[in-house]
Amino acid sequence: MNESAALNETGVGSPQSSWLEAEAFDANQTLALSSAALEYHVNPWDIMLCLSGTVIACENAIVVAIIFYTPTLRNPMFILIGSLATADLLAGMGLILNFAFQYLVSSETISLITVGFLVASFTASISSLLAITVDRYLSLYNALTYFSEKTLHYVHLMLVGTWGASLGLGLLPVLGWNCLDDASTCSIVRPLNRTNLTVLATSFFVIFALMLSLYFKICKIVCHHAHQIALQQHFFTTSHYMATKKGVSTLAIILGTFGASWLPFAIYCLVGEREYPSVYTYATLLPATYNSMINPIIYAYRNTEIQRSIYMLFCGCFQTKGSYRSRSPSEV
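Source: prediction; values computed, not measured.

What counts, and at which threshold
- Residues numbered from 1 in each chain as written.
- Predicted model: local features only at pLDDT ≥ 70, side-chain atom pairs only at ≥ 80, totals over all residues.
- Heavy atoms only, no water.
- Helix = DSSP H or I, 4+ residues; strand = E, 2+ residues; numbered from the N terminus.
- Buried < 20%, exposed > 50% of the residue type's maximum accessible area, 1.4 Å probe, protein only.
- Contact = heavy atoms within 4.5 Å.
- Patch = residues over 30% accessible without salt bridge, like charges linked within 9 Å, V, L, I, M, F, W, Y side chains within 5 Å.
- Areas by Shrake-Rupley, 256 points an atom, 1.4 Å probe, with all protein chains shown as cover.
- Salt bridge = Lys/Arg side-chain N within 4 Å of Asp/Glu carboxyl O.
- pLDDT = per-residue confidence, 0-100.
- Axes fitted to C-alpha atoms, helices over the stretch in contact; angles between N-to-C directions.
- Parallel < 35°, antiparallel > 145°, perpendicular 65-115°, else oblique.
- Left-handed = near helix turned anticlockwise from the far one by under 90°.
- Nonpolar A, V, L, I, M, F, W, Y, C, P; charged D, E, K, R; others polar.
- Phe/Tyr/Trp six-rings, centres within 6.5 Å; stacked < 30°, edge-to-face > 60°.
- Core = buried A, V, L, I, M, F, W, Y, C linked by side-chain atoms within 4.5 Å.
- Expected span 1.5 Å × (residues − 1).
- Polar contact = N/O pair within 3.5 Å; in protein donor to acceptor, adjacent residues only side chain to side chain.
- UniProt positions renumbered as here; feature names shortened; annotations may be inferred.
- Disulfide = S-S within 2.5 Å.

Student: Please clarify how the overall build of the protein should be interpreted in this entry.
Tutor: Helix and strand counts for the protein stand at 10 helices and 0 strands. Taken from the N to the C terminus, the helices and strands of the protein come in the order α-α-α-α-α-α-α-α-α-α. For the protein, buried positions account for 40% of its 332 residues. Restricting to contacts in the protein with at least 6 residues of sequence separation, those with at least 24 account for 74%.

Shown next, in the form of structure tokens:
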């Protein structure tokens, strides 16, 4: 190849030099294609997020289908569980679409739409958890009037507020609250700017604080009810103690799972800078997606009514004996 270059410089040409030149060009072209293929790799973190989204979508699609096609699951509790499952289903689909668009279609517009879709879905998921917490509190605080039309109106208002606020936050990046025109304003989650991400993180902390407060009040009501039962029976039996302990433990698991999933990412959204390695963002975002994977297990698959519907859906031979009444969240 060096001889060929020297011959070209001196203006001397021959069939052999032309052949060497062509061979060198083909070799360089092959090397260029090989290096380009090596450079085009898939981020393992993106693969894990896509796999997480696939599991989330499958889990929650079953819950949505069961609630939609089962007429007995129409009380306020299951309406809110359906809202949560729908939000998590959309979040899982968003993770899958984000992976596909990121590596197949490179477009800033599509990136904005995908990120906005994910923001709206995860916001609706977190807000639905708050709505379920409010519903559980109302079922204990107003146990006698829980199954009235008034409760159903409250649930519909919570659904409108949940999805309305989520849609509004999801539209912010699309409507211009992004960093595509000014890279210096980018956050750890591009193309969201720091102001947008700070609003989202602050909203999460507000919702988490409200959930903590409500679950603390629920624990007080549960303990008070157990104490009243003990006074009526003149002693506190082991079964009452175990039931109270189980109820408090369940609330602790719900809050602990939610906090462990989302708190690391929410805190990093406030303290992280765009110059930080992206591995920090992935390492905190991935556990946050696991919350949408755990939600159907905590709120749906452990529920007796939904288990009954699953048996009827997949077995077709499960028959209920006698009349059946859907239970309230306080009974569950």
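Structure shown, so let's carry the discussion forward.
Student: I would appreciate a short explanation of a nonpolar patch on the surface in the present structure.
Tutor: Taken together, the side chains of Ile113, Leu167, Leu171, Val174 and Leu175 present a nonpolar region at the surface, about 490 Å² in accessible area. For Ile113, the location among the structural elements is in helix α5 (residues 108–141). Its relative accessible area of 49% is what places Ile113 among the partly exposed residues.

Student: When you look at the confidence of the model for the protein in this model, what are you seeing that I'm missing?
Tutor: Close inspection of predicted coordinates is inappropriate for parts of the model with low pLDDT. Summary statistics for the protein give a mean pLDDT of 79 and a share of 75% for residues scoring 70 or more. The model gives residues 1–39 a pLDDT under 50, and that stretch makes 8 contacts with residues more than four places away or in other chains. Scored below 50 in pLDDT, residues 317–332 shows 31 contacts in the model against residues more than four places distant or in partner chains.

Student: Help me understand the packing of helix α4 (residues 76–104) against helix α6 (residues 149–171), please; the structure alone is not making it clear to me.
Tutor: For the pair α4 and α6, the least separation of the axes is 10 Å and the interaxial angle reads 15°. By the angle between their axes, α4 is roughly parallel relative to α6. In terms of crossing hand, the pair formed by α4 and α6 is right-handed. Mapping the contact onto sequence places Pro76, Ile79, Leu80, Ser83, Thr86, Ala87 and Leu90 in α4 and Thr151, Leu152, Val155, Met158, Leu159 and Trp163 in α6. When its residues are assigned to classes, the contact of α4 with α6 shows 10 nonpolar, 3 polar and no charged.

Student: I keep staring at the packing of aromatic side chains and nothing clicks. Help me out?
Tutor: The geometry of two aromatic rings is summed up by the distance between their centres and the angle between their planes. Per the counting criterion, the structure on display carries 12 aromatic pairs. Look at Phe208 and Phe258: their rings are 5.7 Å apart centre to centre, the planes differ by 40°, and that puts the pair in the tilted class. Of the two residues, Phe208 sits in helix α7 (residues 194–233) while Phe258 sits in helix α8 (residues 238–271), which places them 50 residues apart along the sequence. With respect to class, Phe208 is no different from Phe258; both count as buried. Chaining the aromatic ring pairs together yields one cluster made of Phe122, Phe204, Phe205, Phe208, Phe258, Trp262 and Phe265.

Student: Even after reading the chapter, I still don't get the side chain of Ser121, so can you show me in this structure?
Tutor: Along the chain, the position of Ser121 falls in helix α5. Take Ser121: its relative accessible area is 2%, and that puts it in the buried class. Setting aside its immediate chain neighbours within four residues, Ser121 contacts Ala87, Leu90 and Ala91.

Student: In this structure, what is going on with the nonpolar core? I would like to understand it.
Tutor: A general feature of soluble globular proteins is that nonpolar side chains tend to end up buried together. Counting 59 residues, the largest nonpolar core has Ile81, Met211, Tyr215, Phe258, Trp262 and Tyr299 as the members making the most contacts within it. Among the elements of the structure, α3 (44–69), α4, α5, α6, α7, α8, α9 (278–301) and α10 (304–314) are those that each provide at least two residues to this core. Leave out the neighbours within four places in its chain, and Met211 touches Leu129, Leu130, Thr133, Leu255 and Phe258.

Student: Looking at this model, I keep getting lost on α3. Mind explaining?
Tutor: One turn of the α-helix equals 3.6 residues, which is why residues spaced by three or four share an orientation. Taking 1.5 Å of rise per residue, 26 residues should cover 38 Å, and α3 covers 38 Å from first to last C-alpha, within 8% of that figure. Along α3, the positions that sit buried rather than exposed are Asp46, Leu49, Cys50, Ser52, Gly53, Ile56, Ala57, Glu59, Asn60, Val63, Ile66 and Ile67. In the core, the buried residues of α3 are packed alongside α4, α9 and α10. Near the N-terminus of α3, the side chain that reaches the backbone nitrogen of Trp45, with its oxygen 3.0 Å away, is that of Asn43.

Student: What is the right way to look at the UniProt feature "transmembrane region" (unreviewed entry) in the protein in this model?
Tutor: The feature "transmembrane region" (unreviewed entry), as annotated in UniProt, sits at residues 45–70, 77–104, 110–134, 154–177, 197–216, 248–267 and 279–301 in this numbering. Between the C-alpha atoms that bound residues 110–134 the distance is 36 Å, and the span itself is 100% helix and 0% strand. Secondary structure across residues 279–301 divides into 100% helix and 0% strand, with the first and last C-alpha atoms of the span separated by 33 Å.

Student: Help me understand the pattern of salt bridges in this model?
Tutor: When the charged atoms of two side chains with opposite charge come close together, those side chains can pair. One pass over the full model with this rule turns up 2 salt bridges. Residues Glu273 and Arg194 are paired through a salt bridge, measuring 3.9 Å at the closest nitrogen-oxygen approach. With Glu273 in the loop between α8 and α9 and Arg194 in helix α7, this residue pair connects regions lying 79 residues apart in the sequence. Its relative accessible area of 32% is what places Glu273 among the partly exposed residues.

Student: Hey, could you run me through the state of the cysteines in this one?
Tutor: A covalent bond bridging the sulfur atoms of two cysteines is what the word disulfide describes. What the rule picks out here adds up to 1 disulfide. Here Cys179 connects covalently by a disulfide to Cys186, the sulfurs 2.0 Å from one another. On the sign convention where negative is left-handed, the bridge of Cys179 and Cys186, at about 90° about the S-S bond, is right-handed. Classification of Cys179 as buried rests on a relative accessible area of 1%.

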